[in-house]
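As a plain string of letters, each chain reads:
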Amino acid sequence: MSDLELVNVFNTLYILSCRVVILDGRKKVVFRNPATIAAIPIILGLINAFCGVLIFNERLNIFMSNVAQLSSLARFFAINFTAPVLGVLFLLDRHNISDMMQRIILFDEHFRKATNNCQTIVRLRLVRAQLKLIGIIYSLMIGFRLLICVLFFDKYGLCTTVMLISSLCLELQFCLQKVFVQSFAEHLTIRYQLLQNTLISNRPDRKRLIPSLKLYDRLISMQQLLANTFGVQLLLSTLMPFVSCAVVTYGSLHFLTLNVAVVHLVMEPIYVIPSIALFFGFAFQFDRLAGAEQEFKNAIKSLQYEATEEHSEDYLNFLDLINLKLMTESPKITACGLFTVNLQVFYNVFAAIVTYIMILFQFRDFEK
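Residues numbered from 1 in each chain as written. Predicted model: local features only at pLDDT ≥ 70, side-chain atom pairs only at ≥ 80, totals over all residues. Heavy atoms only, no water.

Looking at an unreviewed UniProt entry, one finds the protein chain named Gustatory receptor and attributed to Culex quinquefasciatus. UniProt's Sequence similarities (unreviewed entry) comment on the protein chain is quoted here verbatim: "Belongs to the insect chemoreceptor superfamily. Gustatory receptor (GR) family." (UniProt positions renumbered as here; feature names shortened; annotations may be inferred.)

Structural data, given as structure tokens:
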């Protein structure tokens, strides 16, 4: 049983306009309220922007007084921009997303035929774990932020309260969007592993090897479609954690030198923890996908080394042709062609965060 039913969870949470349904005994992908789902992050973004502009006009002198306040504006605009843009992109790319999910359904059907109707259970364990993490942490954070806003309502006022809650809702929207994109990486990773296990458990002859290679071609085409569809989403999913972590870290270091309440000092760093955890999972998923594909290639190549004199010359020549085909470069999952998404990106982002914080500290000299 496939875990494609998780798509319906994202649809229920107003992240995706597609659902998987059973029609005539087969799984089909249908659209449900695409315009409504795309409108939600846009409306939240407009509300957040309106409140932000009012607050900025009221506290212009405060925002212009130091680098920490100015850098917080960069994070505000990033949050206000990313989730609505991704919502629109999901709307525009809904046919590609539907095609991707339909291809996964067809892959599972062909895989069952190639393995004599073997029922394989597919569980997106990492995606499920991240959804649980998001649900728990953001429920706590929304409750905590509401409590803070109620306790300090005289200080914050209605406009700030609305902005704080809407900003958190936009962050939640963005996190769910990011988890959905990486769910495809786990789908493909698991299916590469299924193909590899089939090769290992049943050393195939030419007749049995051809269906596995056709399934491999299907996975490669899905990988290419994934790269073509989500390039901008991957770029924004990388830039957003960079901006949030850099600004929050610098702001916390700055506020350590001031006499501020402890609750205000720790509030923002707590909010950025799930962003870091989800970004690591995001990079890990795509790194794992590349590794699973390479392991399948190695399993195919090993067949040639294990061939014996009992195998026909025709079979050996067939393996040579396969290895030549596997030497071609596979499609890479990139962020608009700028960089390949993998764990190295995670490490590079944190190196860039340190550099960015050092630059912000250099600008503190202009405050004096």
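Now that the structure is up, let's keep going.
### A word on the overall build of the protein chain
Check the secondary structure of the protein chain and you find 12 helices and two strands. Taken from N to C terminus, the helices and strands of the protein chain fall in the order α-β-β-α-α-α-α-α-α-α-α-α-α-α. Counting across all 368 residues of the protein chain, residues that qualify as buried make up 48%. Long-range contacts, defined as pairs at least 24 residues apart, comprise 82% of the intrachain contacts of the protein chain with a sequence gap of at least 6. In the structure as shown, the protein chain presents an accessible area of about 18,300 Å², 64% of it carried by carbon and sulfur atoms. (Helix = DSSP H or I, 4+ residues; strand = E, 2+ residues; numbered from the N terminus. Buried < 20%, exposed > 50% of the residue type's maximum accessible area, 1.4 Å probe, protein only. Contact = heavy atoms within 4.5 Å. Areas by Shrake-Rupley, 256 points an atom, 1.4 Å probe, with all protein chains shown as cover.)

### Details of the pairing of strand S1 (residues 18-23)
One face of the sheet, then the other: side chains in a regular strand alternate in exactly this way. Alignment of S1 against strand S2 (residues 26-31), held across six bridges, turns out to be antiparallel. Paired with Cys18 across the bridge in S2 is Phe31. Remark: two residues form the turn of the hairpin made by S1 and S2, two consecutive strands paired antiparallel; Asp24 in that turn has positive phi of roughly 55°. (Pairing = 2+ DSSP bridges.)

### So, a nonpolar patch on the surface
Taken together, the side chains of Ile43, Ile47, Phe153, Leu158 and Val162 define a hydrophobic patch exposed on the protein surface, amounting to about 430 Å² of accessible area. Elements with a contribution of two residues or more to the nonpolar patch: helix H2 (34-58) and helix H7 (153-201). At three residues, H7 tops the list of elements feeding residues into the nonpolar patch. Relative to the helices and strands, Phe153 is located in helix H7. For Phe153, a relative accessible area of 39% gives the class partly exposed. (Patch = residues over 30% accessible without salt bridge, like charges linked within 9 Å, V, L, I, M, F, W, Y side chains within 5 Å. Salt bridge = Lys/Arg side-chain N within 4 Å of Asp/Glu carboxyl O.)

### Description of the nonpolar core
In this structure, Ile97, Phe184, Leu226, Phe230, Leu234, Phe286 and Ile300 are the most contacted members of the largest nonpolar core, which totals 77 residues. Take this core: its biggest share by element is 14 residues, from H7. Setting aside residues up to four positions removed in sequence, Leu234 forms contacts with Val181, Phe282, Phe286, Ile333, Thr334, Ala335 and Val341. Within the second largest apolar cluster, 10 residues are counted, among which are Leu44, Ala78, Leu86 and Phe174. (Core = buried A, V, L, I, M, F, W, Y, C linked by side-chain atoms within 4.5 Å.)

### Some points on unusual backbone geometry
Peptide bonds are mostly trans, and most non-glycine residues show a negative phi. Its identity as a non-glycine residue notwithstanding, Tyr14 has a phi of 60°, on the positive side. You can see Tyr14 is positioned in the loop between helix H1 (6-12) and S1. Phi at Cys336 takes a positive value of approximately 55°, unusual for a residue other than glycine. Among the secondary structure elements, Cys336 is positioned in the loop between helix H11 (313-326) and helix H12 (343-363).

### Thoughts on the side chain of Lys178
By the secondary structure assignment, Lys178 is in helix H7. Discounting chain neighbours no more than four positions away, the residues touching Lys178 are Ser237, Pro241, Ser275, Leu278, Phe279 and Phe282.

### Here's the deal with the packing of aromatic side chains
Per the counting criterion, the structure on display carries 16 aromatic pairs. Relative to Tyr347, the ring of Phe346 has its centre 5.8 Å away and its plane inclined at 75°; by these criteria the two rings are edge-to-face. Under the relative-accessibility criterion, Phe346 is labelled buried at 12%. For Tyr347, a relative accessible area of 46% corresponds to the partly exposed category. What links up through ring pairs into an aromatic cluster is the set Phe279, Phe280, Phe282, Phe284, Phe286, Phe346, Tyr347 and Phe350. (Phe/Tyr/Trp six-rings, centres within 6.5 Å; stacked < 30°, edge-to-face > 60°.)

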